[in-house]
Amino acid sequence: MLDINYIRLNQVEVMNMLHQRQLAVEVPRLQELLDLDKERKELVQRSDDQKALRNKVSKEVADIKKSGQGSAEELIVRMKSVSEEIALMDNRLSQLEEEMESILLALPNKLHSSVPAGKSAAENEVFGEPVTFVHNLDFPVKNHLELGKSLGILDFERGAKVSGAGFPAYMGKGARLERALINFMLDMHTENHGYTEVFPPFFVNRESLRGTGQWPKFADQVYHMQEDDLYAIPTAEVPVTNLHRGEMLDNGALPISYAAYSACFRREAGSYGKDTRGFLRVHQFNKVEMVKFTRPEESYEALEQIRRNAEAILIALKIPYRVLLLCSGDISANAAKCYDIEVWSPAEQKYLEASSCSNFEDYQARRANIRFKPNGKSKPEFVHTLNGSGLATSRLMVSLLEHYQTAEGNIRVPEVLRHYTRFDEITAP
RNA sequence: GGAGGAUUAGCCUAAUUGGUAAGGCAGCAGUCUUGAAAACUGCCGGGUUCACGCCCAUGGGGGUUCGAGUCCCUCAUCCUCCGCCA
């Protein structure tokens, strides 16, 4: 959420930002917001004046009653009508504030100056050089579906029977490999990168979704448990960031870094037909997420850290990847700056998104009211929040299986995972 | 699911039969000091104002009242107990 004072003072910047994000349709809403803001300010002033009067006269009533001298009847009658007037104005005020909030919640974040201008994903910039590793795939490669089926480690059909399409079951050594990946990533982040491990709740309330910005924008992409009004998390970002919702963080404790495993649930409504085979798009997948809370001046260095921490996983696994700096037309509404990390799929012959690393600046912190007291100041400020996948296992698994397949159709386990799998190879049963 | 108790600012704690939130700690700035501590002064929830000030804020939301931390309803969370269940 943007600060209404910021919007009022920087209307041109906000309008430019909307155009850069290809969201020109929101511009009329911006004007609507400013009109509401103006009406609200005037009404607050009038309501406050009447409240001041009521407070003053109520004190006089108290004095009269205490001293027992004279009658307060007339004052009480007058204040009764003043109170009714105040109630009318305050009703209109809460109406105005509700309308303003619904616009504010839908407005996207500012863009960082380093975000390239662009209309769509086609204009994202490749950041640095693609990183490659030698895998001798000098034979016809199988895709992850064929490998998963022939080795008996992935069962999409039975997963579909149990739940529906997009709910894969991992079997035998496939299940162990998945668990190994998760453990390896968590250990790396906690032992080498300084993150504190969190095992978060998988269902959250609406306040939490609103705090991180999934509500109201992506409400239709989240599974909802109606009976208890809970939502299945689309990413650990939601519960982990909201751990500190409404809190005043200790300045000395910043920056705070959390790494969390969670299952992630996404309805993926409306996205059928595109990249839907196998693991390319699923309703449930596993992910290790990194979340940071920082002082504002430290957040962009923290973003680079998160990106490097995610890359470190791929380097250790020797999986080829590239980093994209998302352009203004493709970056998500909540983020001020975002890197995507994509792994190479030899079977698909294309890159697949496996991580997204974002700086939200104070956009989420303002929604979720997460503050701290800076050194040398007594007034609280909003922290900056960041997160990055480190990483999502589904597409990582696609690339891993495909890169580590042998001519015989077996899978060699990457060196760094053998400690976790306690087997070196997956062979057909 | 049922019964009782609790929730006041970053933390801790007050507030007559309803009369308009008082303190303490921590933190920050300053005075003093060679430096620090101590002591002293100011700041120390949000909004608005050049400022004085004014308004809001006692877990959330309603209600009664001229006036609600206080009375009523409701929801949430925590604690204790009962019931049910893994």
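Residues numbered from 1 in each chain as written. Chains lettered and ligands numbered in written order. Predicted model: local features only at pLDDT ≥ 70, side-chain atom pairs only at ≥ 80, totals over all residues. Heavy atoms only, no water.

- An unreviewed UniProt entry lists chain A under the name Serine--tRNA ligase, with Chlorobium ferrooxidans DSM 13031 as the source organism.
- You can read under Sequence similarities (unreviewed entry) in the UniProt record for chain A the words "Belongs to the class-II aminoacyl-tRNA synthetase family. Type-1 seryl-tRNA synthetase subfamily."
- Chain A has a UniProt comment under Function (unreviewed entry) that states "Catalyzes the attachment of serine to tRNA(Ser). Is also able to aminoacylate tRNA(Sec) with serine, to form the misacylated tRNA L-seryl-tRNA(Sec), which will be further converted into selenocysteinyl-tRNA(Sec)." (UniProt positions renumbered as here; feature names shortened; annotations may be inferred.)

### Things to note about the domain arrangement of chain A
No. 1: If you check the domain split of chain A, you get domain 1 (4-106) and domain 2 (121-426).
No. 2: Relative to domain 2, the C-alpha centre of domain 1 lies at a distance of 43 Å.
No. 3: Taken together, the contacts link 6 residues of domain 1 with 11 residues of domain 2.
No. 4: Across the interface of domain 1 and domain 2, roughly 730 Å² is buried in total on both sides, 45% from carbon and sulfur atoms.
No. 5: Viewed at the interface, domain 2 and domain 1 are joined by 1 salt bridge.
No. 6: Put simply, domain 1 and domain 2 have 6 residue pairs in polar contact (both at pLDDT 80 or more) between them.
No. 7: In terms of residues, the side of domain 1 that touches domain 2 owes the most to one element, helix α4 (residues 73-106), which gives 3 residues. (Domains from an automatic or database assignment. Contact = heavy atoms within 4.5 Å. Buried area = accessible area lost by both parts, 1.4 Å probe. Salt bridge = Lys/Arg side-chain N within 4 Å of Asp/Glu carboxyl O. Polar contact = N/O pair within 3.5 Å; in protein donor to acceptor, adjacent residues only side chain to side chain. Helix = DSSP H or I, 4+ residues; strand = E, 2+ residues; numbered from the N terminus.)

### Things to note about the protein's contact with RNA strand B
No. 1: Around RNA strand B sit 23 residues in total, of which Asp48, Asn55, Ser58, Lys80 and Ser83 are the nearest.
No. 2: In RNA strand B, atoms within 4 Å of the protein come 67% from sugar and phosphate.
No. 3: The contact in question runs from a phosphate oxygen of RNA strand B to an N or O atom on the side chain of asparagine 55, over 3.1 Å.
No. 4: Only α3 (27-67) and α4 provide two or more residues apiece to the surface near RNA strand B.
No. 5: Of the residues forming the surface near RNA strand B, the biggest block, 11 residues, is contributed by α3.
No. 6: Partitioned by chemical class, the residues of the surface near RNA strand B number 7 nonpolar, 6 polar and 10 charged. (Near = heavy atom within 4 Å. Nonpolar A, V, L, I, M, F, W, Y, C, P; charged D, E, K, R; others polar.)

### A short note on the packing of aromatic side chains
No. 1: Counted according to the given criterion, the structure contains 11 aromatic pairs.
No. 2: A centroid spacing of 5.9 Å and a plane angle of 20° characterise the contact between phenylalanine 199 and phenylalanine 202, whose relative ring orientation is stacked.
No. 3: A relative accessible area of 62% places phenylalanine 199 in the exposed class.
No. 4: With relative accessibility at 23%, the residue phenylalanine 202 sits in the partly exposed group.
No. 5: Here the aromatic residues Phe156, Tyr170 and Phe279 are joined through ring pairs into a cluster of three or more.
No. 6: The ring of phenylalanine 423 carries lysine 173 above its face, with NZ or CZ at 4.7 Å from the centroid. (Phe/Tyr/Trp six-rings, centres within 6.5 Å; stacked < 30°, edge-to-face > 60°. Buried < 20%, exposed > 50% of the residue type's maximum accessible area, 1.4 Å probe, protein only. Lys NZ or Arg CZ within 6 Å of the ring centre and 35° of its normal.)

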